[in-house]
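# Notes for the structure review
Okay, here's what each chain looks like letter by letter:
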Amino acid sequence: MRALRAFLFTLALVGTASAADDVSLKIDAGASGPKIDRNLFGQFAEHLGRGIYEGVWVGPDSSIPNTRGIRNDVVAALRALKVPNVRWPGGCFADEYHWRNGIGPLAKRPATLNPNWGGVIEPNTFGTHEFMDFVQQIGADVYLSVNVGSGTPAEAADWLEYLTTAQPTALATERAANGHPEPYAVGMLGLGNESWGCGGSMTPDEYVNHLKVYARYARNYNAAHPMRRVAVGPDSADTSYTEAVMKAWKNRTWAWDIEGLSLHFYTVVKWPPAYEATGFGEAEYASLLKDTRRMDDLIRAHGAIMDQYDPDKKIALVVDEWGAWLAATPGSPQGFLEQQNSQRDAIIAALNLNMFARHADRVRAANIAQMVNVLQAMIFTQKEKMLLTPTYHVFRMYVPFHDASFVPVSVAAGNYTQGDITLPRVDALAARDAAGKLWLSLANLDPKAEATVNVAVAGARISRALGETLAAPKIDSVNTFEAPSTVAPQPYSAKASGKTLPLKLAPASVTVVALE
Ligand code: AHR
């Protein structure tokens, strides 16, 4: 019935007159797809540069307004994003992290090193309880990564017992003495990070041997809060970990299991990262957008392998590191991965989120790298000041898509061409929220031309669109502490004309509207 209705709808639209270069977009309001898991909008906070220290943690004695050492301005900004989960403590840092260094009285915590990221001192003042306090303050779930590279299964098992058991064990008693008698909830557990690289340079088979042990012993004892275990998976297009982990999972015994497989893919074009974050031209803009769209190929390629071993899609593909990795800000400390964030990053964020949503049956969690002051960040801080980036605004505009049901759209977008790069001019995502409201996100990739999208909705009477649009004076426009609102969302509305709803999109913009 649904298919017939969609077919008749398509027939009815054949021959609809529109200006030659208008985009036509069709939505069948009755069709619906999988849930767009809110965990697709997850964040990643590593002990790296100013990501945690200064970005989140200023300490209880700081003059910067804070709650138990965690800065209030950053918490308020993140609450507005309804962050579903935060991945912590890394990244590469996780495979050198020893959790016992980060519990107990602050004054007694040892100073250690952070060899991955600038070789700086790690004061361990932000540890387990501070992280748990932070996620509770922002209302997010926990995505913890245990140390497989340089730790032991016993260390990981103890951490999980310390966190999650309600029984009066020695570890639970220690947790209570450190201020938290109640067990914590851990929603996701990463079993290592990039074990093919900084996490131990393991072959796929070596990693699988570790995986089985960690998946068995790093147990969640908090039955009220289920925990999904996420295995290390592919580095970009390399399918060797995907094959090995999925094959092992298919042949698993009663003694171990996993619920997710990680994928890491950065928009970078080539390593080492050399694309400038500001002052770039249209060629660099188009090149990074093209590279971003590789995410779709990767999800399809790894998804196809996963389908062979897991046709029921029990294992989630978890894209727990993604985003633009650009040349570091000149003058920033080496290894701190600081980069500006422009309107191009806003488009990159929207393209990625749309791709994840289109594969929502398999991709059920993702984490942008990273949350504050690092890589494609939501937020920059400078001492007591805080700034929201264009990427932040996209994440805030996408809140209606959290846990909404995917609604398929068909778009005749035409092309945006720059040099030898040709991309679809408009990228679209539609979904229905829990209250039944239909939402549409549209990204106009063309930086030189406005796009008019003629929206036709079958099965619902739409009279207007109401929402926000994020545009900018230039593709490399950024927000700075001197001019924090150069790129900021503006209210957007449009009225239907007959059976179509024409939406005008500014060049290189992201628009999110409710269709009413
Ligand atoms: O996000 C920065 C680093 O990128 C992470 O620590 C690592 O996992 C990846 O290589």
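Higher on the page you've got the structure.
Residue indices follow the written sequence of each chain, beginning from 1 at its first position. Given that this is a predicted model, residues contribute local features only at a pLDDT of at least 70 and side-chain atom pairs are listed and counted only at 80 or more, while totals for whole chains, interfaces and linings are drawn from all residues. With hydrogens and water stripped out, all remaining heavy atoms of the structure feed into the side-chain values.

## Observations concerning the overall build of the chain
We count it as follows: In this description a helix means any DSSP run of H or I spanning at least four residues, a strand means any run of E spanning at least two, and both kinds are numbered starting from the N terminus. The globule rule is 2.2 Å times the number of residues to the power 0.38, and the radius of gyration it is compared with is taken over C-alpha atoms. Per-residue accessibility, obtained with a 1.4 Å probe over protein chains only, is compared with the maximum for each type, and a residue is labelled buried under 20%, exposed over 50%, and partly exposed between these values. Whether two residues are in contact is decided by their heavy atoms: any pair within 4.5 Å suffices. Per-residue and other accessible areas follow the Shrake-Rupley method at a 1.4 Å probe size, with only the shown protein chains counted as cover for residues. We count Lys and Arg on the positive side and Asp and Glu on the negative side, and we leave His and both chain ends out. Charged groups are reduced to one reference atom each: NZ for lysine, CZ for arginine, CG for aspartic acid, CD for glutamic acid.
Per the secondary structure count, the chain includes 11 helices and 26 strands. Taking 24 Å as the expected radius of gyration for a compact globule of 516 residues, we find that the chain reaches 23 Å, a close match to that expectation. The dimensions of the chain, computed from C-alpha atoms along their principal axes, are 75 × 55 × 40 Å. Each of the 516 residues in the chain was classed as buried or not, and the buried ones make up 57%. Taking all contacts inside the chain whose residues are at least 6 apart in sequence as the whole, residues at least 24 apart take part in 77%. For the chain, the accessible area works out to roughly 20,000 Å², and carbon and sulfur atoms hold 54% of it. Treating the 47 positive side-chain charges of the chain as one cloud and the 52 negative ones as another, the clouds have centres 7 Å apart.

## Some remarks on the pattern of salt bridges
Two side chains with opposite charge may pair up if their charged atoms get near one another. Cut-off, in case you're wondering: What makes a salt bridge here is a side-chain nitrogen of Lys or Arg within 4 Å of a carboxyl oxygen of Asp or Glu, nothing more.
In this structure the tally under the stated criterion is 23 salt bridges. Linking Arg68 and Asp133 is a salt bridge whose minimum nitrogen-to-oxygen distance equals 2.7 Å. In this pair, Arg68 is assigned in the loop between β3 (66-67) and β4 (70-71) and Asp133 in helix α3 (residues 128-138), connecting sequence segments 65 residues apart. Here Asp291 and Arg294 are joined by a salt bridge, their closest N and O atoms 3.7 Å apart. Assessed through its relative accessible area of 33%, Arg294 is described here as partly exposed.

## Description of the nonpolar core
The condition that has to hold: Working definition of a nonpolar core: buried Ala, Val, Leu, Ile, Met, Phe, Trp, Tyr and Cys residues. They are joined through side-chain atoms within 4.5 Å.
Val86, Phe134, Ile258, Trp322, Phe356 and Tyr398 are the most contacted members of the largest nonpolar core, which totals 122 residues. Here this core gets 10 residues from one element, more than from any other, and that element is helix α10 (residues 343-358). Residues Ile27, Tyr492, Ala494 and Leu515 belong to the second largest nonpolar core, which totals 25 residues.

## Quick word on the pairing of strand β8 (residues 141-146)
Worth spelling out the cut-off: Two strands qualify as a pair provided DSSP detects at least 2 bridges between them.
Of all the 6 residues making up β8, 5 are buried; the element is thus mostly covered by neighbouring parts of the structure. The pairing of strand β5 (residues 85-88) with β8 spans 4 bridges and is parallel. Note that in β8 the partner of Asn85 across the bridge is Asp141. Across 4 bridges, β8 lies against strand β9 (residues 188-191) in parallel orientation.

## Points about the site of the ligand
Worth spelling out the cut-off: Any residue with a non-hydrogen atom lying within 4 Å of a molecule or strand is treated as near it. What qualifies as a polar contact is a pair of N or O atoms within 3.5 Å, subject to a donor-acceptor requirement within protein and to the restriction that residues adjacent in sequence count only when both atoms come from side chains. When residue character is reported, Ala, Val, Leu, Ile, Met, Phe, Trp, Tyr, Cys and Pro are called nonpolar, Asp, Glu, Lys and Arg charged, and the others, Gly included, polar.
For the ligand, the full set of nearby residues is Phe44, Glu46, Gly91, Cys92, Trp117, Asn193, Glu194, Tyr266, Glu321, Trp325, Gln370 and Leu375. A distance of 2.9 Å separates an oxygen atom of the ligand from a polar backbone atom of Cys92. For the ligand, whose accessible area on its own is 280 Å², the fraction buried by protein is 94%. Here the residues of the shell around the ligand sort into 6 nonpolar, 3 polar and 3 charged.

## A closer look at the environment of Ser201
Mapped onto the elements of the fold, Ser201 is located in the loop between β9 and α6 (204-217). For Ser201, a relative accessible area of 54% gives the class exposed. Here the alpha-carbon distance between Ser201 and Gly149, two residues 52 residues apart in the chain, equals 8.6 Å. Look past the residues within four positions of Ser201 in its chain and what remains in contact with it is Ser195, Trp196 and Glu206.

## Re unusual backbone geometry
Residues Trp271 and Pro272 are joined by a peptide bond in cis, for which omega reads -5 degrees. Within the chain, Lys383 stands out as a residue other than glycine whose phi angle is a positive 50 degrees. Relative to the elements of secondary structure, Lys383 occurs in the loop between β14 (379-382) and β15 (385-388). The exposure class of Lys383 is exposed, given its relative accessible area of 61%.

## Section: the environment of Ala472
As for its position among the elements, Ala472 is in the loop between β23 (464-470) and β24 (490-495). On the accessibility criterion, Ala472 (22% relative accessible area) is partly exposed. Excluding anything up to four places from it in sequence, Ala472 contacts Gln343, Ser477 and Val487.

## With respect to the sheet that holds strand β11 (residues 260-267)
Going by this rule: Only C-alpha atoms enter the line fits that serve as axes; for helices the fit covers just the stretch in contact. Angles between N-to-C directions range over 0 to 180 degrees.
With parallel pairing, the 8 strands of this closed barrel are ordered in space as β2-β5-β8-β9-β10-β11-β12-β13. Neighbour to neighbour, the strand axes of the sheet diverge by 25 degrees on average, direction disregarded. Here strand β2 (residues 42-44) pairs with β5 via 2 bridges, running parallel. Across the sheet, the residue bridging to Phe44 is Arg87, located in β5. The strands touched by α3 are β5 and β8; relative to β5, the strand with the most contacts, the crossing angle is about 160 degrees.

## Section: the sheet that holds strand β25 (residues 501-505)
The pairing of strands in a sheet comes from backbone hydrogen bonds and takes either a parallel or an antiparallel form. Spatially, 4 strands are ordered β17-β1-β22-β25 in an open sheet, and the strand pairing comes out mixed. Edge strands, defined here as strands with exactly one partner in the open sheet, are β17 (409-412) and β25. Neighbour to neighbour, the strand axes of the sheet diverge by 20 degrees on average, direction disregarded.

## What to know about the packing of aromatic side chains
Applied cut-off: Two aromatic rings, drawn from Phe, Tyr or Trp (for Trp, its six-membered ring), form a pair once their centres lie within 6.5 Å of each other, and the interplanar angle then sorts them: stacked below 30 degrees, edge-to-face above 60, tilted otherwise. A ring has a charge above it when a Lys NZ or an Arg CZ is no more than 6 Å from the ring centre and no more than 35 degrees off the ring normal.
For the structure shown, the criterion picks out 18 aromatic pairs. Look at Tyr266 and Trp325: their rings are 4.8 Å apart centre to centre, the planes differ by 75 degrees, and that puts the pair in the edge-to-face class. Separated by 59 residues along the polypeptide, Tyr266 in strand β11 and Trp325 in the loop between β12 (316-324) and α10 bring together distant segments of the chain. Residue class for Tyr266 comes out buried when judged on its relative accessible area of 6%. Under the relative-accessibility criterion, Trp325 is labelled buried at 16%. An aromatic cluster of at least three residues, connected via ring pairs, comprises Trp57, Trp88, Phe93, Tyr97, Trp99, Phe126, Phe131, Trp159 and Tyr162. Over the ring of Trp249 we find Arg252; its NZ or CZ atom is 4.1 Å from the centre of that ring.

## Some remarks on the side chain of Arg71
Looking at where Arg71 falls in the secondary structure, it is placed in strand β4. Residue Arg71 is classed as buried on the basis of its relative accessible area of 0%. Side-chain polar atoms of Arg71 contact the backbone oxygen of Glu54, separated by 3.0 Å. A distance of 2.9 Å separates a polar side-chain atom of Arg71 from the backbone oxygen of Lys383. Sequence-distant contacts of Arg71, defined by excluding residues within four places in its chain, comprise Glu54, Gly55, Val56, Val58, Ile64, Pro65, Asn66, Thr381, Lys383, Glu384 and Lys385.

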